Amino acid sequence: MSTSHVLARTPPIEQADLQPNTSPNRWRPAAWVAPPLLIVLVIAVYPLVRVLTESAGGTGQSTWRAVLSSEIFRRALATTAQIAVCSTVGCLILGTFLAIVLAFVPFPGSTVVARLIDTVLALPSFLITLAFTFLYGSAGAVNAAIFEVTGNRPLNFLATPAGVIAAEITFFTPFVVRPLLASFTVMSRDQLDVAASLGASPWRVLRTVVMPEAVPSLLAGGSLVLLLTLNEFGIVLFTGAKDVVTLPMLVYTRGIVSFDLPGAAVIATVQVLLSLILYGAYRLVFARMTTSRRGDH
């Protein structure tokens, strides 16, 4: 067949074929993105904008000045930082110990213990506080047992910062244990075997081999616990510690009890800024550590 016959049978190119595709398929990605974006705007962005607007409304700068210069705000800020830091340190110590035992010290029932620790993550925080009340409250089981022997009820720490810290350590420790266990699971056992074959003691293996590999997991778990304890409200409320005033409790008191919405918005804005600063610092440090570790490898 000649070339002229092939060209004659080839259909002409229509002008519409040269136009860009304007079919409804182009809008499908936007249709998939719109619902979650709308949910984020309604649930997260709108409350933040409303809080910022409320804190800047009314008398504006005078509200900020009055709140930030008040003694109760400074005391609440110091108490919040103290409880958050102490709880985080306690979670890191207890979580590291539990993770090392579960990962490297085999014993019967270790799998069950690990599952029980994971179960705590699914429980509401007030259940831990209720358990502490039943155990260590003024009318709890421990005080009742001591009363039977000595006639006194010596334990009365739940209404103090120590009680809040103990409850938060109990509840938030699994947030440290879980990433550490994941880190220990993927750790190469050859490093441990080589160190042990060279005569290194278990403590030296733990210090020089295990813990350096666990630093990113410790950083991740500790940062998460610090953010959660900084914003914890339920545990402080259910302990009934009236003298323990944190920033979330102060927001609740000013906004719900006293109906001082501008003052509550100012404190909430400070709380949000603290959380964002801590999260930004965590991301920066974690990114630098990741880059350094990749360079070493």
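Placed above this text is the structure.
Residues numbered from 1 in each chain as written. Predicted model: local features only at pLDDT ≥ 70, side-chain atom pairs only at ≥ 80, totals over all residues. Heavy atoms only, no water.

A.B. asks: Even after reading the chapter, I still don't get the packing of helix H4 (residues 71-104) against helix H9 (residues 174-186), so can you show me in this structure?
C.D. replies: How two helices sit against one another is set out by the angle between their axes and by the gap between those axes. Across the interface, H4 lies against H9 with an axial gap of 8 Å and an inter-helix angle of 40°. In terms of orientation, H4 and H9 fall into the oblique class. Crossing handedness for the pair H4 and H9: right-handed. Residues Cys91, Leu92, Gly95, Thr96, Leu98, Ala99, Ile100, Leu102, Ala103 and Phe104 of H4 form the contact with H9, whose own contacting residues are Val176, Val177, Leu180, Leu181 and Phe184. When grouped by side-chain class, the residues that make up the contact of H4 with H9 number 13 nonpolar, two polar and no charged. (Axes fitted to C-alpha atoms, helices over the stretch in contact; angles between N-to-C directions. Helix = DSSP H or I, 4+ residues; strand = E, 2+ residues; numbered from the N terminus. Parallel < 35°, antiparallel > 145°, perpendicular 65-115°, else oblique. Left-handed = near helix turned anticlockwise from the far one by under 90°. Contact = heavy atoms within 4.5 Å. Nonpolar A, V, L, I, M, F, W, Y, C, P; charged D, E, K, R; others polar.)

A.B. asks: What exactly am I supposed to notice about the packing of aromatic side chains here?
C.D. replies: For any pair of aromatic rings, the description consists of the separation of the ring centres together with the inter-plane angle of the planes. With the rule as written, the count across this model stands at five aromatic pairs. Between Phe126 and Phe238, the ring centres sit 5.3 Å apart and the planes meet at 25°, which makes this aromatic pair stacked. Of this pair, Phe126 sits in helix H6 (residues 125-136) while Phe238 sits in helix H12 (residues 234-239), and the two are 112 residues apart along the sequence. Residues Phe172 and Phe175 carry aromatic rings whose centres are separated by 5.9 Å and whose planes lie at 45° to one another, so their mutual orientation is tilted. One aromatic cluster is present, formed by Phe171, Phe172 and Phe175 through successive ring pairs. (Phe/Tyr/Trp six-rings, centres within 6.5 Å; stacked < 30°, edge-to-face > 60°.)

A.B. asks: Would you explain the nonpolar core in this entry?
C.D. replies: Among the nonpolar cores identified, the biggest contains 35 residues, and Val164, Leu180 and Phe184 are the most heavily contacted of them. Those elements giving two or more residues to this core turn out to be H4, helix H5 (110-120), H6, helix H8 (161-172), H9, helix H11 (202-230) and H12. Ranked by residues supplied to this core, first place goes to H11 with seven residues. Not counting residues up to four positions away in its chain, the partners in contact with Val164 are Ile83, Leu158, Ile235, Val236, Thr239, Ala241 and Val244. One finds Val67, Leu250, Val266 and Val270 within the second-largest nonpolar core, a separate group that totals eight residues. (Core = buried A, V, L, I, M, F, W, Y, C linked by side-chain atoms within 4.5 Å. Buried < 20%, exposed > 50% of the residue type's maximum accessible area, 1.4 Å probe, protein only.)

A.B. asks: Sorry if this is basic, but what is going on with a nonpolar patch on the surface here?
C.D. replies: Residues Trp32, Val33, Leu37, Leu38, Ile39, Val40, Leu41, Val42, Ile43, Val45 and Val49 make up a contiguous nonpolar surface patch of roughly 1100 Å² in combined accessible area. As for its placement among the helices and strands, Leu38 is situated in helix H2 (residues 28-56). Overall, the relative accessible area of 53% leaves Leu38 in the exposed class. (Patch = residues over 30% accessible without salt bridge, like charges linked within 9 Å, V, L, I, M, F, W, Y side chains within 5 Å. Areas by Shrake-Rupley, 256 points an atom, 1.4 Å probe, with all protein chains shown as cover. Salt bridge = Lys/Arg side-chain N within 4 Å of Asp/Glu carboxyl O.)

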